[in-house]
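Report on the structure
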Amino acid sequence: QEFSEHQGSLTEETRQKILNAGIPETVLEATLAGQRALWKQQVEEAASAVGGKENLEAILTYVKNNFSKQEIDEFNAAMQNPAVYKRVLRGLLHEIADSLKKPTNSGSKEPKPTPTGTVAPVSTEPTPFMSIEEMTFAMNDARYRVDPVYTREVEARIHKTLNS
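All values reported here derive from a predicted model rather than from experimental measurement.

Okay, the packing of helix H4 (residues 53-66) against helix H8 (residues 148-162) next. Where H4 meets H8, the closest approach of the two axes is 9 Å, and the angle between their N-to-C directions is 15°. In terms of orientation, H4 and H8 fall into the roughly parallel class. When you trace H4 past H8, the crossing you get is left-handed. In this structure, H4 uses Glu54, Asn55 and Ala58 to contact H8, whose residues at the interface are Glu155, Ile158, His159 and Leu162. Looking at the contact of H4 with H8 residue by residue, the class counts come to three nonpolar, two polar and two charged.

Next comes the structure, spelled out in structure tokens:
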């Protein structure tokens, strides 16, 4: 637990307790290195499951800011279970995306036409996805994870969706 809480390290006190118990330092360091490698692999797999590191970070921020202590404990327990953690993350990604759906405003004004002889400004900002279906469709496109330009565009839109 301490290893996880201290992001891959131990306190000096714990380290000394382990060494004083007769565990050689080389064994301790090899064990810690192996655990760090497994941890890194799990983080990479989790990020891949939700469309990238930015999405994983957005999910973790969402959990931190919106979950109770008990829900965070349950989330953390689920993250330790290799059989379910990807599903939990994908479910949260969908939950976040659904919460960001903007209701259609039927009372909105019609857009004003651009005056003749002028060009409407073009935004270089990615546009957020308007629905989970739209996001899922983009992520299921054959170009996703194959075409780097397309993948970056989709991930930028996902990031914009989760952070707007």
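The subject of this paragraph is H4. In an α-helix there are 3.6 residues to a turn, and that puts residues three or four apart on one side. In this model, H4 (14 residues) spans 20 Å end to end at C-alpha, consistent with the 20 Å of a helix rising 1.5 Å per residue. Restricting attention to buried positions, one finds in H4 the residues Asn55, Leu56, Ala58, Ile59 and Val63. Looking straight down H4, one finds its buried side chains confined to an arc of 160°; they lie on one side. Of the exposed residues in H4, those oriented more than 90 degrees away from the buried face are Lys53, Lys64 and Asn65.

Averaged over every residue, the pLDDT of the protein is 80; the share at 70 or more is 84%. Per-element confidence in the protein is highest for helix H2 (residues 12-20), whose mean pLDDT is 92, and lowest for helix H1 (residues 2-5), whose mean pLDDT is 74.

Attention now moves to the environment of Leu93. Within the fold, Leu93 resides in helix H6 (residues 85-99). Separated by 35 residues in sequence, Leu93 and Ala58 place their C-alpha atoms 8.8 Å apart. Ignoring anything within four residues of it in the chain, the contact list for Leu93 reads Val50, Ile59 and Leu162.

Another aspect to go through is the pattern of salt bridges. Considering all chains together, one arrives at four salt bridges under this definition. Ionic pairing is found between Glu29 and Arg15, a salt bridge with its closest N-O pair at 2.4 Å. Of the two residues, Glu29 sits in helix H3 (residues 25-49) while Arg15 sits in helix H2, which places them 14 residues apart along the sequence.

Core analysis: the largest hydrophobic core is formed by 25 residues, its most contacted members being Ile59, Leu89, Val154 and Ile158. Of all the secondary-structure elements, those providing two or more residues to this core are H3, H4, helix H5 (69-79), H6, helix H7 (132-140) and H8. Discounting chain neighbours no more than four positions away, the residues touching Ile158 are Asn55, Phe129, Met135, Met139 and Tyr144.

Let us look at the packing of H7 against H8. Taken N-terminus to C-terminus, the directions of H7 and H8 make an angle of 160°; their axes are 10 Å apart at the nearest point. Classified by the interaxial angle, the pair formed by H7 and H8 is roughly antiparallel. For the element pair H7 and H8, the recorded crossing hand is left-handed. Residues Glu134, Met135, Ala138 and Met139 of H7 form the contact with H8, whose own contacting residues are Tyr150, Val154, Arg157 and Ile158. Looking at the contact of H7 with H8, its residues break down into six nonpolar, no polar and two charged.

Rules used throughout
- Residues numbered from 1 in each chain as written.
- Predicted model: local features only at pLDDT ≥ 70, side-chain atom pairs only at ≥ 80, totals over all residues.
- Heavy atoms only, no water.
- Axes fitted to C-alpha atoms, helices over the stretch in contact; angles between N-to-C directions.
- Helix = DSSP H or I, 4+ residues; strand = E, 2+ residues; numbered from the N terminus.
- Parallel < 35°, antiparallel > 145°, perpendicular 65-115°, else oblique.
- Left-handed = near helix turned anticlockwise from the far one by under 90°.
- Contact = heavy atoms within 4.5 Å.
- Nonpolar A, V, L, I, M, F, W, Y, C, P; charged D, E, K, R; others polar.
- Expected span 1.5 Å × (residues − 1).
- Buried < 20%, exposed > 50% of the residue type's maximum accessible area, 1.4 Å probe, protein only.
- Arc of directions from axis to C-beta.
- pLDDT = per-residue confidence, 0-100.
- Salt bridge = Lys/Arg side-chain N within 4 Å of Asp/Glu carboxyl O.
- Core = buried A, V, L, I, M, F, W, Y, C linked by side-chain atoms within 4.5 Å.

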